[in-house]
Amino acid sequence: MKQIVTGFHAIEEKVRRLADESGKGRKGQDGAVFTLRVSKVGPRVKKILDFAKKANISVQTTDSRSLDSLVKTLPEVARDHRGIVLEIEGDFKSSANAVDFDQWVLEAKEASGRKVVVFLDSITDPHNVGAILRSCDQFGASLVVMPSRHSASDFSDNEIIARSSAGASAYVPVAVVPNLVRAAQSLKEAGFWLYGADAGGESVQSVSFADKSVIVMGSEGSGIAKLLEEQCDTIVSIPTCGKIDSLNVSVAAGILLYESYRQKL
């Protein structure tokens with residue numbers, strides 16, 4: 001299996017993470033072979049090459065036409081390689097930030113302090129998933145939970161997710177589960193409070209987020225699934241003043257994550 005990654009942020013964060021793991025004596029992603037293909041070297045590329053050296057990643061010099069050919073099957077937004085491409089072959093899906101949900105819940109149940117989980121219910125646009133992961137990184141989310149079906153959780157479009165997240169997809173812990181409702185029940189049993197995002201809910205200005213909280217984001221078309229919404233302790237809305245009736249789901253997630261983070265400062 002082969003994955004092609006483009007974009008300075010996405011490549012740099014993946015290579016930086018491998019360099020960090022190598023420095024700690026870890027092998028990184030077992031079974032995966034990483035190769036950097038470079039057609040031109042500028043300041044950004046030099047920084048990536050420094051990390052690649054620490055991570056023992058092979059670097060091959062090539063030309064722009066060869067890189068064009070390498071990225072031609074990617075979605076259009078990911079074809080702008082800017083002279084550098086990261087090629088990954090082998091078992092790259094067992095990433096270091098992939099989390100076993102049940103084990104995570106067991107540990108979180110006994111832990112103290114702030115923990116924020118984000119549920120992504122039927123969010124299939126990889127651009128939105130990437131943008132949400134970026135906000136999760138910036139505002140200290142502990143875990144993102146996605147269903148195995150009807151979402152971008154298989155990361156088949158992960159070059160877009162990586163670019164949209166500015167590399168955060170390499171860091172934010174992610175758990176893929178077969179059923180979000182059962183996952184919600186497990187978290188509630190572990191002491192978490194669930195806050196569902198919906199335009200008809202209580203204003204976020206009057207909501208006090210629990211130390212252990214779950215922010216549930218639904219799809220822009222149909223919102224949160226009914227059975228999952230029934231698990232929510234509070235439905236939260238974001239006051240707006242525009243002429244259209246809703247925010248983009250990634251923007252809404254960022255606002256709610258910031259408010260949760262702000263309250264604990």
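As the structure is a prediction and not an experimental result, all values here were calculated from the model.

Calculation notes
- Residues numbered from 1 in each chain as written.
- Predicted model: local features only at pLDDT ≥ 70, side-chain atom pairs only at ≥ 80, totals over all residues.
- Heavy atoms only, no water.
- Core = buried A, V, L, I, M, F, W, Y, C linked by side-chain atoms within 4.5 Å.
- Buried < 20%, exposed > 50% of the residue type's maximum accessible area, 1.4 Å probe, protein only.
- Helix = DSSP H or I, 4+ residues; strand = E, 2+ residues; numbered from the N terminus.
- Contact = heavy atoms within 4.5 Å.
- Salt bridge = Lys/Arg side-chain N within 4 Å of Asp/Glu carboxyl O.
- Phe/Tyr/Trp six-rings, centres within 6.5 Å; stacked < 30°, edge-to-face > 60°.
- Pairing = 2+ DSSP bridges.
- Axes fitted to C-alpha atoms, helices over the stretch in contact; angles between N-to-C directions.

Colleague: So what exactly am I meant to see when it comes to the nonpolar core here?
Modeller: Nonpolar side chains in soluble globular proteins tend to end up buried together. Core analysis: the biggest nonpolar cluster contains 30 residues, and V118, L120, C136, V144, M217 and L256 have the highest contact counts within it. Among the elements of the structure, β5 (115-120), α5 (126-138), β6 (143-147), β8 (193-203), β9 (212-217) and α9 (249-263) are those that each provide at least two residues to this core. No other element matches the 5 residues that α9 contributes to this core. The residues touching V144, leaving out its near neighbours within four places in the chain, are V118, L120, L133, C136, V172, P173, V174 and A175. In this structure, F101, A108, A175 and I224 belong to the second largest nonpolar core, which totals 22 residues.

Colleague: Can you walk me through unusual backbone geometry in this structure?
Modeller: Generally, phi is negative for residues other than glycine and the peptide bonds are trans, each holding for most cases. Even without being glycine, N56 reaches a positive phi, approximately 60°. Looking at where N56 falls in the secondary structure, it is placed in the loop between α2 (43-54) and β3 (58-61). Judged by relative accessible area, N56 falls into the exposed class, the value being 65%. Here the phi dihedral of R82 falls at roughly 55°; this positive angle occurs in a residue that is not glycine. Relative to the helices and strands, R82 is located in the loop between α3 (64-71) and β4 (84-90). We classify R82 as partly exposed; its relative accessible area is 48%.

Colleague: Any chance you could explain the pattern of salt bridges here in plain terms?
Modeller: Evaluation of the coordinates by the stated rule reveals 8 salt bridges. Here E12 ties to K47 by a salt bridge, and the two come within 3.4 Å at their closest N and O atoms. Of this pair, E12 sits in helix α1 (residues 8-23) while K47 is found in helix α2, placing the two residues 35 residues apart along the sequence. E12 gets classed as buried once you look at its relative accessible area, which sits at 6%. Classification of K47 by relative accessible area gives partly exposed; the value is 40%. A salt bridge links K188 to D233; its shortest N-O distance comes to 3.8 Å. With K188 in helix α7 (residues 180-189) and D233 in the loop between α8 (226-229) and β10 (234-237), this pair connects stretches of sequence that are 45 residues apart.

Colleague: I would appreciate a short explanation of the packing of aromatic side chains in the present structure.
Modeller: What characterises a pair of aromatic rings is the spacing of the ring centres plus the angle enclosed by the ring planes. Enumeration according to the criterion identifies 4 aromatic pairs in this entry. Ring geometry for W104 versus F192: centroids 6.0 Å apart, planes at 45°, classification tilted. Residue W104 is found in helix α4 (residues 101-110), and its partner F192 is found in the loop between α7 and β8; the two are separated by 88 residues along the sequence. Owing to a relative accessible area of 12%, W104 belongs among the buried residues under this scheme. Taken together, the ring pairs connect F139, Y258 and Y261 into an aromatic cluster.

Colleague: What exactly am I supposed to notice about the sheet that holds β6 here?
Modeller: Two strands in a sheet stick together by hydrogen bonds in their backbones, pointing the same way (parallel) or opposite ways (antiparallel). Taken in spatial order, the 6 strands line up as β7-β6-β5-β9-β8-β10 in an open sheet, and their pairing is parallel. A single partner strand is all that each edge strand has here, and the edge strands are β7 (174-177) and β10. For this sheet, the mean angle separating the axes of adjacent strands, direction not counted, is 30°. For β6 and β7, the ladder comprises 4 bridges, and the chain directions are parallel. For V144, the partnering residue across the bridge sits in β7 and is V174. Its contacts with the sheet place α5 against β5, β6 and β7, and it is angled at close to 175° to β5.

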